[in-house]
Amino acid sequence: MILRSVELENFGKFRDQNFEFRRGLNLVIGPNEAGKSTLAEAIPAVLFGATNLERLKPWGSSRCVAGLVFEEQGRTIHIKRDLVSDQIEWVERDDLYHTLSQFSGKVSPRGNGADHQKYCDLLSGLLGFDDEGLFRATCFFGHTPQQWNDESLSKKLRTLVGGTTEADYAQILERLLDEHFTLTRHSPWGRDKKNDREYETVCLALTELQSQEAATPIEASASADDAEVQQQIDALRAELEEDREESRKGERYIERFRQQVKAEQASQEQPAQERQSPQEPSQDSVETTLQREPESAEDNSSEPEATDDLQTQFVALGLPKNPPPQLPELLAEAAEIRQELAVLQQPLSILSQRENSVTATPWGAAIGLTLPCVLATAGAWWQAHQAFLVSIIAGVCCCGIWGWLTSKAMTRRKVLAQCEQERTRLEKKKGAALGRQAQLSERCEQCGVASSAIDLVRLQKLVKEHRVLLDRWWNKADATETAAPVAAQEQEAPTTLDETSSNESAPVETPSAEQVAEPSPAALELMQMEARLAEFLHQLQTKEERLVELESQQTPEQGATAPVETQTEELQERKIALERRISVLREAINLLAKAVENFGAMHLKRLNKETSQLFAKMTGDRHCEVELDDNMSPRVKVDGRSWRPIDRFSRGTVDALYLSLRVALAKVRGAGRILPLILDDPFVHLDQQRLSQALNLIDLAATDNQLILLSHNQDLGKRAARERWHLVPIDSAAESSQQEGGEDHVGQLHLL
Amino acid sequence: MSDFFNNPQFESLAKEESVRGVVARLAQERSAEVNADEKAVLEEAVQLLLQQFQAMDGESA
C-alpha cells in the first residue's frame with residue numbers, strides 16, 4: 001500500500017495544496033519553516049484527528065481540511081477530514097472508479113460512538129490498527145522519537161508484537177480466569193481467593209454428608225444384623241410352626257392314650273373272664289395297628305388289603321413285630337456297602353481283562369530261531385568256510401531276537417506288577433467292605449432282621465411302602481378327629497421306623513395282659529409323656545418369646561437415609577462436573593497463555609533479529625545485537641558481553657537504533673500489509689558517516705516500503721537526483737501557495 | 001478424540017500465523033503426549049478457546 005497524495009486545504013500554511021508521492025523513496029526537501037513538518041503532521045491528523053487544532057488551523061479561518069489518498073492493489077481509498085468539525089468522508093473505489101465502500105460521519109479523536117467504531121474498523125482494515133500511538137511508534141518518524149519506555153506504548157507494542165490485533169487475548173484470559181475463580185478459590189497462577197467458591201462449598205457439603213454417613217456403618221451393620229435377625233426369625237417361625245404341629249399331635253396322642261388307659265383301668269374292674277377274653281390284636285403294635293386302621297377308615301377299602309399284604313411280607317422277611325429302631329440305619333448302611341461293592345467290582349473286572357490281554361513271552365519260538373543260527377555257525381566252523389562272517393551274522397540275529405524277547409518280557413512283567421498292585425488295593429477295599437457287611441449281618445441278626453442282601457433290599461422297599469401307607473393314615477386321622485387310639489398308635493409307628501425314636505415307639509406297644517394287671521406303669525408312662533409334653537410346650541413358649549424378642553430387635557425401615565444418599569449422589573455428580581470444568585478451564589488458560597507467550601516470543605525474536613541486522617548496518621557492525629526487554633525497552637550488547645540500556649548511548653546512536661527498530665517493527669508487524677514510512681528529518685543528529693549508513697538503510701527499506709523522507713539537507717537533493725528518488729520540493733510549493741493565496745502565514749511560526 | 005485434532009479444519013487452523021494457530025499447534029503436540037481422559041479435557045479446552053475467539057470476533061464486529 002502506498003500513500004498516493006496528501007491534499008491540504010487551509011491546513012497550516014497551505015491554502016490549497018496537493019502533494020503527490022510514488023512508490024519507493026520520496027524526498028520532500030525544503031528549508032526550515034517551509035512546512036515539511038506540517039505536511040507530515042497532516043497524515044496522522046487525517047487518520048486519527050487533531051488534538052491541537054490551533055497549531056494546524058490558519059489564523060482567522062473557520063475551515064481546515066486535509067485528505068489522504070491510499071492506493072492498494074486495485075483499489076483507492078480517499079480519506080478526507082474536516083479538522084474543525086471532525087467530519088470524515090471515506091470513499092473506497094476500484095480501478096474502474098466503482099465505489100466499494102463509503103463512510104461519512106463525525107469522528108472526533110476522543111469519540112466513542114457508532115460512527116467512531118465504524119471508522120476504527122475501516123482504519124484497522126486499512127492499516128492493521130486504529131491507534132495513533134502505534135502509528136507514531138512505527139510508521140511515523142518525527143524529530144523526537146516516541147518514548148519506547150512509555151508504559152502505555154510498551155503495552156500497545158507488546159500487544160502488537162505478541163498477538164497482532166486479531167483479538168484481545170488478555171481479555172479472553174481474564175474471562176477464563178474469572179470463570180475459574182467463580183468455581184474455585186484456588187489459583188495455580190496467583191494468589192488464592194479468601195472466600196470459598198462453589199467447588200469448595202460442594203466439597204464441604206459432601207464432607208459433612210459423609211461424616212453423617214460415618215454413622216451409616218453402624219446402620220449398615222444394623223441392617224446386616226437385621227438381615228441376620230430376619231433370617232433367625234424366619235427360621236424360628238418355621239421351627240415354631242413344626243413344633244406347634246408336633247405339640248398338637250402329642251396332645252392328641254396323650255389324650256387318646258389317656259382314654260385308653262382309662263378304658264383299660266375300667267376293664268380291670270370287670271370280671272376276670274371278661275379281662276381274659278381274647279383281646280383284639282391291638283396289643284401287637286404293628287400288626288394290631290395295621291389291622292385296626294381299616295376300622296377307622298371305613299371309606300378306604302384298599303388300605304386293609306395293603307396293610308395285610310405289608311404285614312405278611314414283614315413276617316415273611318423275618319421282621320419282628322416291633323421293628324428295631326436302628327432298622328433305617330442298617331438299611332442305609334447295607335445300601336452303602338452294596339454300592340461300594342458294585343463300584344469295586346467294575347475296576348476288578350477291567351483289571352482281569354487287562355491281565356488276560358498280556359500275552360506270554362514266546363520263549364519256544366526264540367529257541368527255535370536261535371537253534372538254526374547255532375547250527376549254521378557250527379557248520380561254518382566245521383567246513384572252515386567263512387566261519388567268522390557266519391558267526392557274526394548268527395550272533396547279531398540271536399542278539400536281536402533275545403533282546404526283543406527280553407524287552408517284551410520286562411514290559412509284561414511290569415504290566416503284571418501294576419495289575420497286581422492295583423488288584424491288591426481293590427481287594428483290600430473289597431475286603432473292608434465285606435467285613436463291614438459281615439458286621440452288618442451280625443447286627444441284623446441281633447435285631448431279628450434277615451441279613452441276606454436280597455432280603456435287605458426287599459425290606460427297604462417295604463419300609464418305603466410302609467411309610468407311604470402311614471402317611472395316608474395320618475392324613476386320615478387328621479381329617480377325622482374321631483380316629484381310634486390305635487390310629488394314633490399307628491401314627492407313632494412310623495417314627496420308630498423313620499426317626500429311630502424308640503421312646504416314641506414305646507407307647508405303641510400296648511400293655512400285655514400281665515401289664516394290664518398292673519396299671520401303674522401305664523399311668524406312669526402317661527405321666528412321663530405329659531411331663532415331656534409340658535417340657536416341649538415350655539420350649540415352645542421359650543421359642544415364641546425369643547421370636548417376639550427378635551421381632552422387637554428389628555430396626556425400623558431406613559427411609560430417612562434415602563434422601564441423604566440421593567443428596568450425596570447429587571453432590572458427587574456436581575463435584576465431578578465442577579472438577580471437569582475446572583480442569584478444562586485450567587487447560588484452556590495454560591494453553592492460551594503459552595500460545596500468546598510463544599507467539600510473542602516468536603515475533604519478538606524476529607523483531608530483535610531484524611533490528612539487530614539493521615542496527616549493525618547503520619553502525620558499521622560496531623553494535624551487532626539489540627533486543628527489547630520485557631518492558632519493550634531496547635538495549636544493546638556491548639563488546640559481545642554485557643547489555644547496556646539505550647539511554648547510555650549518544651544521541652546519534654539512539655536515533656540510529658530507533659530508526660532500525662521502527663523499520664524492523666514495520667517489517668515484522670506488517671501481517672501482509674506494507675505501510676508507508678514517514679520520516680521527518682530523523683537524521684539531524686547523525687554525523688556524515690552515520691547519515692550515509694542511515695540513508696543506505698533507508699534506501700534498502702524503500703525496496704519494500706514506500707518512504708516519505710522530509711529533510712532540509714540540500715545534499716540529499718543532489719543524492720535524490722543521482723539515485724532517481726522522487727523529489728518533492730516543498731519550498732516552491734509553499735511559495736506558490738502563498739502567491740495564490742496572497743496571505744502571509746506568519747501565524748504558523750509556532751510549528752518551528 | 002484423535003479425529004478432532006487431526007481433522008482437516010483443525011490442521012488448517014494449526015497452519016495459521018496467529019495465536020489461534022499456535023493454540024492449535026500446542027494442542028496437537030499435547031494431544032500426542034496425554035492419555036485418553038486428558039485428551040478429552042484438552043479437546044474441551046480447545047473448543048472453549050475457539051468459542052471465545054469467535055465470541056471476541058463477534059464483539060469486535
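Only a predicted model underlies this, so the values are computations on that prediction, with no experimental measurement involved. (Residues numbered from 1 in each chain as written. Chains lettered and ligands numbered in written order. Predicted model: local features only at pLDDT ≥ 70, side-chain atom pairs only at ≥ 80, totals over all residues. Heavy atoms only, no water.)

A. Representation of the overall build of chain B within the structure. Helix and strand counts for chain B stand at four helices and zero strands. For chain B, the sequential pattern of α-helices and β-strands runs α-α-α-α. Scored against the burial criterion, the 61 residues of chain B give a buried share of 46%. Within chain B, counting contacts between residues at least 6 apart in sequence, those at least 24 apart form 42% of the total. (Helix = DSSP H or I, 4+ residues; strand = E, 2+ residues; numbered from the N terminus. Buried < 20%, exposed > 50% of the residue type's maximum accessible area, 1.4 Å probe, protein only. Contact = heavy atoms within 4.5 Å.)

B. Seen up close, the confidence of the model for chain A. Residue and element names in this part refer to chain A. Within chain A, residue pLDDT values average 75, and 75% of them lie at 70 or more. Counting contacts from residues 481-518, a segment whose pLDDT is below 50, to residues more than four positions away or on other chains yields 72 contacts. Long-range and interchain partners of residues 733-752, a stretch whose pLDDT sits below 50, account for 31 contacts in this model, where long-range means more than four residues apart. (pLDDT = per-residue confidence, 0-100.)

C. Molecular detail of empty space enclosed by the protein. Residue and element names in this part refer to chain A. Applying the stated criterion to the full structure yields four cavities of 30 Å³ or more. When its volume is computed, the second largest cavity comes out at roughly 60 Å³. What lines the second largest cavity is Leu 3, Ile 43, Leu 47, Phe 70, Leu 127, Phe 135, Cys 139, Leu 675, Pro 676 and Ile 678. For the lining of the second largest cavity, the per-class residue count stands at 10 nonpolar, no polar and no charged. (1 Å grid on protein atoms, 1.4 Å probe; cavity = no way out; pocket = protein on both sides within 12 Å on 5 of 7 lines; lining within 4 Å. Points joined across faces, edges and corners; volume = space filled by probe spheres on them. Nonpolar A, V, L, I, M, F, W, Y, C, P; charged D, E, K, R; others polar.)

D. Structural view of the interface of chain B and chain A. At the interface, 25 residues of chain B touch 27 residues of chain A. Taken over both partners, the interface formed by chain B and chain A buries close to 2200 Å², and the fraction arising from carbon and sulfur atoms is 69%. Taken together, the links from chain B to chain A amount to two salt bridges. In this structure, Glu 44 of chain B engages Arg 580 of chain A in a salt bridge whose closest nitrogen and oxygen atoms are separated by 3.0 Å. Across the chain B-chain A interface, the total number found is three residue pairs in polar contact (both at pLDDT 80 or more). Of all the elements in the fold, those that place two or more residues in the side of chain B that touches chain A are α3 (19-31) and α4 (36-60) of chain B. If you tally residues by element for the side of chain B that touches chain A, the top one is α4 of chain B, at 16 residues. (Buried area = accessible area lost by both parts, 1.4 Å probe. Salt bridge = Lys/Arg side-chain N within 4 Å of Asp/Glu carboxyl O. Polar contact = N/O pair within 3.5 Å; in protein donor to acceptor, adjacent residues only side chain to side chain.)

E. Here's a closer look at the nonpolar core. All names here are of chain A. Counting 47 residues, the largest nonpolar core has Val 6 and Leu 47 as the members making the most contacts within it. With eight residues, helix α1 (residues 36-48) is the single largest residue contributor to this core. Excluding residues within four positions of it along the chain, Leu 47 makes contact with Leu 68, Phe 70, Ile 79, Arg 81, Tyr 119, Leu 123, Leu 127 and Phe 135. (Core = buried A, V, L, I, M, F, W, Y, C linked by side-chain atoms within 4.5 Å.)

F. Structural view of the packing of aromatic side chains. Taken as a whole and assessed by the stated rule, the structure comprises eight aromatic pairs over all chains. Ring plane angle 45° and centroid distance 5.3 Å describe the contact between Phe 4 of chain B and Phe 10 of chain B, whose orientation is recorded as tilted. Of the two residues, Phe 4 of chain B and Phe 10 of chain B, both sit in the buried class. An aromatic cluster of at least three residues, connected via ring pairs, comprises Trp 90, Phe 103 and Tyr 119 of chain A. (Phe/Tyr/Trp six-rings, centres within 6.5 Å; stacked < 30°, edge-to-face > 60°.)

G. View of the environment of Leu 39 of chain A. Residue and element names in this part refer to chain A. For Leu 39, the position within the fold is in helix α1. A relative accessible area of 2% places Leu 39 in the buried class. Put simply, Leu 39 and Glu 7 are 32 residues apart on the chain and 9.4 Å apart in space, counted from C-alpha to C-alpha. The contact partners of Leu 39, leaving out residues within four places of it in the chain, are Val 6, Leu 8, Phe 14, Phe 19, Phe 21, Val 28, Leu 710 and Ile 730.

H. Quick peek at a negative patch on the surface. Residues and elements named next belong to chain A. Together, Glu 565, Glu 569, Glu 570 and Glu 573 line one region of the surface with negative charge. Along the chain, the position of Glu 573 falls in helix α20 (residues 561-618). Given the relative accessible area of 56%, Glu 573 is considered exposed. (Patch = residues over 30% accessible without salt bridge, like charges linked within 9 Å, V, L, I, M, F, W, Y side chains within 5 Å. Areas by Shrake-Rupley, 256 points an atom, 1.4 Å probe, with all protein chains shown as cover. Lys, Arg positive; Asp, Glu negative; His and termini not counted. Charge placed at Lys NZ, Arg CZ, Asp CG, Glu CD.)

I. Spatial organisation of the packing of helix α13 (residues 363-383) of chain A against helix α14 (residues 387-447) of chain A. All names here are of chain A. The N-to-C vectors of α13 and α14 enclose an angle of 170°; their axes lie 8 Å apart at closest approach. For the element pair α13 / α14, the angle class is roughly antiparallel. When the axes of α13 and α14 are compared, the crossing they make is left-handed. On α14, the residues that touch Trp 363, Ala 366, Ile 367, Leu 369, Thr 370, Cys 373, Ala 376, Thr 377, Ala 380 and Trp 381 of α13 are Ala 387, Val 390, Ser 391, Ala 394, Cys 397, Cys 398, Ile 401, Trp 402, Leu 405 and Ala 409. Here the contact of α13 with α14 is composed, by residue class, of 17 nonpolar, three polar and no charged. (Axes fitted to C-alpha atoms, helices over the stretch in contact; angles between N-to-C directions. Parallel < 35°, antiparallel > 145°, perpendicular 65-115°, else oblique. Left-handed = near helix turned anticlockwise from the far one by under 90°.)

J. Structural detail: the sheet that holds strand β6 (residues 87-94) of chain A. Residues and elements named next belong to chain A. The six strands lie next to each other as β2-β1-β4-β5-β6-β7, forming an open sheet whose pairing is antiparallel. With one partner strand each, in any of the chains shown, β2 (14-20) and β7 (99-106) form the two edges of the open sheet. Averaged over neighbouring strand pairs, the angle between their axes works out to 10° when direction is ignored. Strand contacts of α1: β1 (2-11), β2, β4 (65-72), β5 (75-82) and β6, with the helix running at about 95° to β1, the strand carrying the most contacts. (Pairing = 2+ DSSP bridges.)

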